Amino acid sequence: MLNEKETELVMENFFRDCLNFWRRNTNDEREAFKKALNDTRIIMTDPFSPCGDRLDEETKEKFIKYREMDLGMRG
């Protein structure tokens, strides 16, 4: 299993890649952000590694919570 710092890096990189993809494929920035966040919610392992190690679940949940706050979904 990845540690907290490794999980943070994976989550940041994956979210950024997803957000860039959805920005190119939708005309709505908020919708792109939501779609990238949904993509990020479903990963359980490092998508950048062929036999990806499991992500630290607590760190993943924190990451999602903070991104939701950026979107204004929680507060």
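Each remark here, short or long, concerns the structure printed above.
Let us look at the structure shown here.

The rules we used
- Residues numbered from 1 in each chain as written.
- Predicted model: local features only at pLDDT ≥ 70, side-chain atom pairs only at ≥ 80, totals over all residues.
- Heavy atoms only, no water.
- Helix = DSSP H or I, 4+ residues; strand = E, 2+ residues; numbered from the N terminus.
- Expected span 1.5 Å × (residues − 1).
- Buried < 20%, exposed > 50% of the residue type's maximum accessible area, 1.4 Å probe, protein only.
- Arc of directions from axis to C-beta.
- Polar contact = N/O pair within 3.5 Å; in protein donor to acceptor, adjacent residues only side chain to side chain.
- Phe/Tyr/Trp six-rings, centres within 6.5 Å; stacked < 30°, edge-to-face > 60°.
- Lys NZ or Arg CZ within 6 Å of the ring centre and 35° of its normal.

On to helix 2 (residues 29–42), then. One full turn of an α-helix is made of 3.6 residues, so residues set three or four places apart face in the same direction. Between the first and last C-alpha of helix 2 there are 21 Å, a value that for 14 residues agrees with the 20 Å anticipated at 1.5 Å per step. Regarding helix 2, the residues found buried are A32, F33, A36, L37 and T40. Down the axis, helix 2 shows its buried residues gathered within 135 degrees of arc, on one side only. Looking at where helix 2 begins, the residue whose side-chain oxygen comes 3.0 Å from the main-chain nitrogen of R30 is D28.

Counting across every chain of the model gives 4 aromatic pairs. Consider the rings of F14 and F48, whose centres lie 6.4 Å apart with planes at 70 degrees: the pair is edge-to-face. Here F14, found in helix 1 (residues 4–25), pairs with F48, found in the loop between helix 2 and helix 3 (57–71); they are 34 residues apart in sequence, far enough to count as distant. Judged by centre distance (5.1 Å) and plane angle (75 degrees), the rings of F15 and F33 are edge-to-face. Here the residue F15 occupies a position in helix 1, and F33 occupies one in helix 2, the gap between them amounting to 18 residues. Among the aromatic side chains, those forming a connected cluster through ring pairs are F15, F33 and F63. The aromatic ring of F63 is capped on one face by R67, whose charged end is 4.8 Å from the ring centroid.

That's the geometry; what it means functionally is another story.
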